[in-house]
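Spelled out from the first residue to the last, the chains are:
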Amino acid sequence: MRPSVGVVIPTRGHRPEHLRAATRAALAQTYSGEVEVVVVADGTGSARVTDQLADLLVPGERSVRVVPNRRLPGLPGARNTGIEAHGTDLVAFCDDDDQWAPGKLAAQVGALTARPDAEFASCAIEVEYGSRRVPRLAGTSTVTRAHLLRSRMAMVHSSTFLFRRGAFLVDESAPNGQNEDWDLALRAATRRPIAHVDRPLVRVRWGASLYATRWADRIAGLEWMLARHPDLAVDPRGAARVYGQIAFHNAALGRRREAGRWALRALAVRRGEPRAPVALAVAAGLVSAHTVLDVLHHRGHGI
């Protein structure tokens with residue numbers, strides 16, 4: 001028998017059309033095993049949102065359940081609530097504004113089956129921003145901790161995660177849910193290499209997310225990662241990337257001195273780090289942070 005898959009879709013209920021599309025795409029998989037979906041309502045009034053979503057999604061569909069977040073409020077707690085609500089062999093994540101291609105689960109379960117030691121899988125993504133769609137490939141079928149230290153690897157996205165139930169929970173101490181997915185991928189890759197299907201099987205809608213511009217949260221999340229994973233500072237390219245990001249977020253907040261300090265730190269470990277001069281330009285008022293992100297997002301990239 002094919003392993004059963006439990007899909008976890010956290011939501012606050014404010015993107016009903018995207019949520020409905022994400023749910024239907026999960027149910028429309030070509031995978032021959034059992035697939036069930038748990039939508040986790042998070043945030044203020046989650047009990048009320050739970051009742052509303054139960055009627056909104058797929059009325060009469062027994063493979064869909066809607067439950068309130070029973071753990072800490074926020075994305076990590078909602079995901080853990082979903083994990084604990086499933087009794088399946090495998091668990092998969094999907095954000096409520098993302099959408100799977102029909103063959104996503106079949107390809108990933110095949111990758112796990114081909115490597116009996118593997119317990120975690122990802123796949124490439126297609127970034128949708130406005131009218132543009134840009135594929136992001138990893139160029140490898142195996143993602144290691146070294147890969148994830150050197151680069152955040154945007155294609156190892158939470159909506160691509162598939163793993164053996166009971167192997168992992170999300171760390172709920174992540175500041176406002178920032179970088180909990182990167183932390184989870186790093187922990188998974190530390191145990192065993194991640195089986196990666198390098199085809200864009202998930203469409204990720206960047207324009208609908210507010211995470212990118214929550215500057216203070218982004219800084220807190222990156223500092224949390226540096227404290228939690230000290231080896232992030234070992235690889236010069238990876239360290240400079242994180243320092244450059246912190247510099248950029250400080251510049252976006254108008255903290256010129258902090259932006260300059262982190263930009264210099266980035267350049268000290270890697271002279272060619274591109275985020276450092278961008279952060280300095282934002283700090284000097286030569287360009288806005290939102291303009292920088294808009295240009296990058298149109299190319300399928302983030303800061």
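Everything quoted here is computed from the prediction, not taken from an experiment.

Parameters and conventions
Residues numbered from 1 in each chain as written. Predicted model: local features only at pLDDT ≥ 70, side-chain atom pairs only at ≥ 80, totals over all residues. Heavy atoms only, no water. Phe/Tyr/Trp six-rings, centres within 6.5 Å; stacked < 30°, edge-to-face > 60°. Helix = DSSP H or I, 4+ residues; strand = E, 2+ residues; numbered from the N terminus. Buried < 20%, exposed > 50% of the residue type's maximum accessible area, 1.4 Å probe, protein only. Lys NZ or Arg CZ within 6 Å of the ring centre and 35° of its normal. Contact = heavy atoms within 4.5 Å.

Colleague: Could you clarify how one ought to interpret the packing of aromatic side chains in this entry?
Modeller: Aromatic ring pairs are reported here in terms of the distance separating the ring centres and the angle at which the planes meet. Enumeration according to the criterion identifies eight aromatic pairs in this entry. Seen in terms of ring centroids, Phe93 and Phe163 are 5.4 Å apart; in terms of plane orientation they differ by 85°. Their pairing is edge-to-face. Here Phe93, found in strand β4 (residues 90-93), pairs with Phe163, found in strand β9 (residues 162-164); they are 70 residues apart in sequence, far enough to count as distant. When the ring of Phe120 is compared with that of Phe163, the centres are 5.6 Å apart and the planes differ by 10°; the resulting orientation is stacked. On the criterion of sequence distance, the pair formed by Phe120 in strand β6 (residues 120-129) and Phe163 in strand β9 is long-range, its members being 43 residues apart. On the accessibility criterion, Phe163 (0% relative accessible area) is buried. The cationic tip of Lys104 hangs over the ring face of Trp100; the distance from NZ or CZ to the ring centre is 4.0 Å. For Arg265, the ring lying beneath its charged end belongs to Tyr243, and the centroid distance is 4.4 Å.

Colleague: Can you walk me through helix α3 (residues 75-85) in this structure?
Modeller: In an α-helix there are 3.6 residues to a turn, and that puts residues three or four apart on one side. For α3, the buried fraction is high: eight of the 11 residues fall into the buried class. Turning to α3, its buried residues number three or more, namely Pro76, Gly77, Ala78, Arg79, Asn80, Thr81, Gly82 and Ile83. Buried residues belonging to α3 abut β1 (5-11), β2 (35-41), β3 (64-68), β4, β9 and α6 (180-191).

Colleague: Is there a simple way to think about the environment of Leu27 in this case?
Modeller: Position of Leu27 among the secondary structure elements: in helix α1 (residues 16-27). Residue Leu27 is classed as partly exposed on the basis of its relative accessible area of 28%. Considered as a pair, Leu27 and Trp100 are 73 residues apart in the sequence and their alpha carbons are 9.8 Å apart.

Colleague: Help me understand unusual backbone geometry in this model?
Modeller: Note: most residues except glycine have negative phi, and most peptide bonds are trans. Of note, Asn176 is a non-glycine position whose phi angle comes to about 50°, a positive value. With respect to the secondary-structure elements, Asn176 resides in the loop between β9 and α6. You will see that Asn179, though not glycine, has its phi angle at about 70°, which is positive. Tracing the backbone through its elements, the reader meets Asn179 in the loop between β9 and α6.

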